[in-house]
Amino acid sequence: MTINYDYYRIFYAVAQCRSFTRAAEVLKNNQPNITRCMKNLEQELGCKLFHRSNKGITLTPEGQRLYRRVAAAMEEIRLGEEELRQDGSLESGSLSISASEAALHMILLDKLSVFRTRYPGVHLRITNETTPQAIERLKQGQSDFAVITAPLLTARGLRQTELVRFREVAVCGPAFSDLATRRCSLSQLARYPLACIGQDSSTYDFYQQFFTSNGLSFRVDIEVATMDQILPVVEHGLGVGFYPEQLVAPRIARGELFCIPLDQPVPERAITLVEDTARPRSTAMKAIRELICGKG
């Protein structure tokens, strides 16, 4: 005979009620069936779990030891059920999101602001990473989904949904502002020190391909860890760099930075939502997905 979950559920009810009859009422069962199940459990475990008397049911020392374990398990099950019910109502729960820096600034922060207003009880955990790091967290089940900057290597079981396309422009600080006064070829730009995110990023791969396709080697003089570090590096005259046009436009308008007109524009890129198709969507995941995809 195999002990199943129902035996421990019945054992827990009998121990709580201290009566087979009352336990049967609580479980909407009948008393003979409750008694039979507990006899089977005792037989399978090889020990007595209950003292039976006219005054009711008490636990034996072995029964008390088992009850401590079963009670803890039942409480965990109850908490799990409660969490799922709350997740379903969006009154609580949590979401873990991996995001590249461009995705975070260009689309995700605005969407999360709306989501937070609607569902303040949902806990948000946002990790700011390169695209490969974000994809790895998703594959490992450490994130519910990723919002990243394409291109990315397609991984089996991951679904991509394009959210928005954007273009990056070459920018410089006052030290190289003469570059902004004339149209510049990519080969001319390559003579200046270049700042870029490191080799473990999709941005590095993208620009390496861009330069290589134009017959140029891609040499990074200043390697930074995050996209946000590019602008301070450029502003202080350490080199030139590429940055999303819509994000850098205010600083160009204020004269803090300068756009370098290229005779060959940088190809468009995309912000992409990536999901693990094998992972079921919670109610919170469905709600934030609708917002991000422009359906909510």
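For the structure, check the block above.
The rules we used
- Residues numbered from 1 in each chain as written.
- Predicted model: local features only at pLDDT ≥ 70, side-chain atom pairs only at ≥ 80, totals over all residues.
- Heavy atoms only, no water.
- Phe/Tyr/Trp six-rings, centres within 6.5 Å; stacked < 30°, edge-to-face > 60°.
- Helix = DSSP H or I, 4+ residues; strand = E, 2+ residues; numbered from the N terminus.
- Buried < 20%, exposed > 50% of the residue type's maximum accessible area, 1.4 Å probe, protein only.
- 1 Å grid on protein atoms, 1.4 Å probe; cavity = no way out; pocket = protein on both sides within 12 Å on 5 of 7 lines; lining within 4 Å.
- Points joined across faces, edges and corners; volume = space filled by probe spheres on them.
- Nonpolar A, V, L, I, M, F, W, Y, C, P; charged D, E, K, R; others polar.
- Core = buried A, V, L, I, M, F, W, Y, C linked by side-chain atoms within 4.5 Å.
- Contact = heavy atoms within 4.5 Å.
- Pairing = 2+ DSSP bridges.
- Axes fitted to C-alpha atoms, helices over the stretch in contact; angles between N-to-C directions.
- Salt bridge = Lys/Arg side-chain N within 4 Å of Asp/Glu carboxyl O.

With that settled, consider the packing of aromatic side chains. All chains considered together, the criterion is met by 12 aromatic pairs. Pairing Y12 with Y67 gives two aromatic rings, centres 5.9 Å apart and planes at 10°, and the pair type is stacked. Note that Y12 is positioned in helix 1 (residues 5-17) and Y67 in helix 4 (residues 61-89), a separation of 55 residues in sequence. Overall, Y12 belongs to the partly exposed group, its relative accessible area being 23%. Relative to F210, the ring of Y207 has its centre 6.4 Å away and its plane inclined at 70°; by these criteria the two rings are edge-to-face. Here F210 and Y207 lie together in helix 8 (residues 202-213), a separation of three residues that amounts to about one turn.

In this section: empty space enclosed by the protein. In the structure shown here, the tally under the stated rule is one cavity of 30 Å³ or more. Counting only elements with at least two residues in the lining of the largest cavity, the list comes to strand 12 (269-276) and helix 11 (283-292). The residue makeup of the lining of the largest cavity, split by class, is three nonpolar, no polar and three charged.

Most of helix 11 sits out of view: seven of its 10 residues are buried. Within the sequence span of helix 11, burial applies to A284, M285, A287, I288, R289, L291 and I292. Of the residues trailing helix 11, G294 is marked for its positive phi of about 80°.

For the rest of this paragraph, the subject is unusual backbone geometry. Even without glycine at this site, R18 takes up a positive phi of about 55°. By relative accessible area, R18 is classed as partly exposed at 48%. Phi angles above zero are rare outside glycine, and K28 is one such case at about 55°. Tracing the backbone shows K28 in the loop between helix 2 (20-26) and helix 3 (31-45).

This part covers the nonpolar core. Formed by 37 residues in total, the largest nonpolar core has its most connected members in L95, L108, F145, V147 and I288. The biggest single contributor to this core is helix 5 (residues 101-118), with eight residues. Leaving out residues up to four positions away in the same chain, I288 has contacts with L95, K111, L112, F115 and F145. Counting 22 residues, the second-largest nonpolar core is a separate cluster that includes I10, C17, I34 and L66.

A word on the sheet that holds strand 9 (residues 222-224). Within a beta sheet, neighbouring strands are joined by backbone hydrogen bonds and run either parallel or antiparallel to one another. What the five strands build is an open sheet, ordered 9-8-10-7-11; its pairing is mixed. Either end of the sheet is taken by a strand with one partner, and the two such strands are strand 9 and strand 11 (258-260). Sheet twist, expressed as the mean angle between neighbouring strand axes with direction ignored, is 40°. By the bridge criterion, two bridges tie strand 8 (residues 194-197) to strand 10 (residues 240-244) in an arrangement that is parallel. Pairing of A195 across the sheet is with G241, part of strand 10. Across the sheet, helix 8 lies against strand 7 (168-172), strand 8 and strand 10, angled at about 135° from strand 8, the strand it touches most.

This model, assessed by the stated rule, comprises 16 salt bridges. For R9, the salt bridge is made with D6, and the minimal N-O distance between the two is 3.3 Å. One end of the pair, R9, and the other, D6, are both in helix 1, three residues apart, so they sit about a helical turn from each other. Assessed through its relative accessible area of 36%, D6 is described here as partly exposed. By sharing partners, the salt bridges in this structure join E235, R251, R254 and E256 into a single network.

Let's shift gears to the pairing of strand 5 (residues 145-149). Burial of strand 5 is extensive: five of the five residues sit out of reach of the surface. A two-sided burial pattern is seen for strand 5, the buried positions comprising F145, V147 and T149 on one face and A146 and I148 on the other. Bridge analysis of strand 3 (residues 94-99) against strand 5 gives three bridges, and the strand direction is parallel. For I97, the partnering residue across the bridge sits in strand 5 and is F145. As defined by bridge partners, strand 5 adjoins strand 12 across four bridges and the pair is classed as antiparallel. The residue of strand 12 that forms the bridge with V147 is L273.

Next up on the list: the side chain of S201. Here S201 lies in the loop between strand 8 and helix 8. Owing to a relative accessible area of 3%, S201 belongs among the buried residues under this scheme. Setting aside chain neighbours within four positions, we find S201 in contact with T130 and P132.

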